[in-house]
Amino acid sequence: MCQLQLVDLFVYRFMFAGTTGLCTWEASLVFSEWLLQNRDIFRHQRVLELGSGLGLAGILVAMCAAPAEISFSDHFPETLQMLKNNVKNNLRCSSRGSLAQQNDESVVAEYAFGERHSSGNTTSVSDVAMNETSFLPLSTTTPSWLSSSSEASPQKIRIFNLDWTEFIRTQHEMLSATFDIIIASDVVYDVDLIPDLVRVFGKLLSCENDNGKQVTAYVSFTVRNTKTTDYFLDFLSRCNILYEEIDLPERRVFFYDTFGTYRLLKLRKSLDYCDDS
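For the structure given in this document, a descriptive report is provided here. All of these numbers come straight from a predicted model, not from anything done at the bench.

About the cut-offs
- Residues numbered from 1 in each chain as written.
- Predicted model: local features only at pLDDT ≥ 70, side-chain atom pairs only at ≥ 80, totals over all residues.
- Heavy atoms only, no water.
- Helix = DSSP H or I, 4+ residues; strand = E, 2+ residues; numbered from the N terminus.
- Buried < 20%, exposed > 50% of the residue type's maximum accessible area, 1.4 Å probe, protein only.
- Contact = heavy atoms within 4.5 Å.
- Axes fitted to C-alpha atoms, helices over the stretch in contact; angles between N-to-C directions.
- Left-handed = near helix turned anticlockwise from the far one by under 90°.
- Nonpolar A, V, L, I, M, F, W, Y, C, P; charged D, E, K, R; others polar.
- Phe/Tyr/Trp six-rings, centres within 6.5 Å; stacked < 30°, edge-to-face > 60°.

### With respect to the overall build of the chain
Part 1 of the reasoning: From N to C terminus, the chain includes 6 helices and 11 strands.
Part 2 of the reasoning: Sorting the 277 residues of the chain into buried and exposed places 52% on the buried side.
Part 3 of the reasoning: The contacts of the chain with a sequence gap of at least 6 include a subset with a gap of at least 24, amounting to 78%.

So, in structure tokens, the structure goes:
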């Protein structure tokens, strides 16, 4: 029988180095709840997470959904270092080589599965105050839908340095036809970033994977400002990216603000997708 494994994350107590990626936001927990009840969607798929931050959602995909591959991505150096620590700490990782040995400069780290690291082996990024947080279910019993997967673990785990503002110019060819599913949590918060984010989605969704199937994306976010949300949805429509509202799960697995307004969308390209880059 599968046993639930705890997810241990190092998080910062406050914003640091100008990035929001060093703590776990509510929309990531909302997505994680939904993921645990919809794991079949990700089984045997190659998954890329945009704006991974500390990596909770992607780590849960790897632990519970039996993907073929899982790739994380972010851009700030401090976030990437913390992301590497959390991935190695929670997944049975053994290094496939240092950054200097990688052929692609955007690949920060690549791992194969080996022995799971204990939390005592995790190195902090700096002396800035951090908490080690274990994400626990609210119930003391483990329902069957919450257990970790007994199927084979992903054969490849990668971490990318992915700059949305430079993606169209420098990186989309490297990422094309590599992924089946894109996930992202709490990336809709800054109107200045939305055009680049939507163009990244557009490029990734416009590529057929090598199985001949259309790439899809799942995006969760907190509605903090309705104008920001409306701008994001409008930009999706302008780029002919179709979005479908997904009902949020009723079951509450993680502790987070239940008074917040959250949305979960499935994205796919329209047949009339326009590339305005």
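Read on for the rest.
### A word on the packing of helix α5 (residues 194-205) against helix α6 (residues 226-238)
Part 1 of the reasoning: Across the interface, α5 lies against α6 with an axial gap of 10 Å and an inter-helix angle of 40°. Crossing hand, α5 versus α6: right-handed. Counting all contacts with α5, which are made through Ile194, Pro195, Leu197, Val198 and Arg199, the residues of α6 involved are Thr228, Tyr231, Phe232, Phe235 and Leu236.
Part 2 of the reasoning: Its residues placed into classes, the contact of α5 with α6 shows 8 nonpolar, 1 polar and 1 charged.

### Quick notes on the packing of aromatic side chains
Part 1 of the reasoning: One pass over the full model with this rule turns up 8 aromatic pairs.
Part 2 of the reasoning: Consider the rings of tryptophan 34 and tyrosine 218, whose centres lie 5.1 Å apart with planes at 35°: the pair is tilted. With tryptophan 34 in helix α1 (residues 26-36) and tyrosine 218 in strand β9 (residues 216-222), the pair connects residues that are 184 residues apart, well separated along the chain. In this pair, the class of tryptophan 34 matches that of tyrosine 218, namely buried.
Part 3 of the reasoning: Seen from their ring centres, phenylalanine 221 and phenylalanine 232 are 5.8 Å apart, and the 80° between their planes marks the pair as edge-to-face. Within this pair, whereas phenylalanine 221 is found in strand β9, its partner phenylalanine 232 is found in helix α6, the two being separated by 11 residues in sequence.
Part 4 of the reasoning: On the basis of relative accessible area, phenylalanine 221 is assigned to the buried category, the value being 1%.

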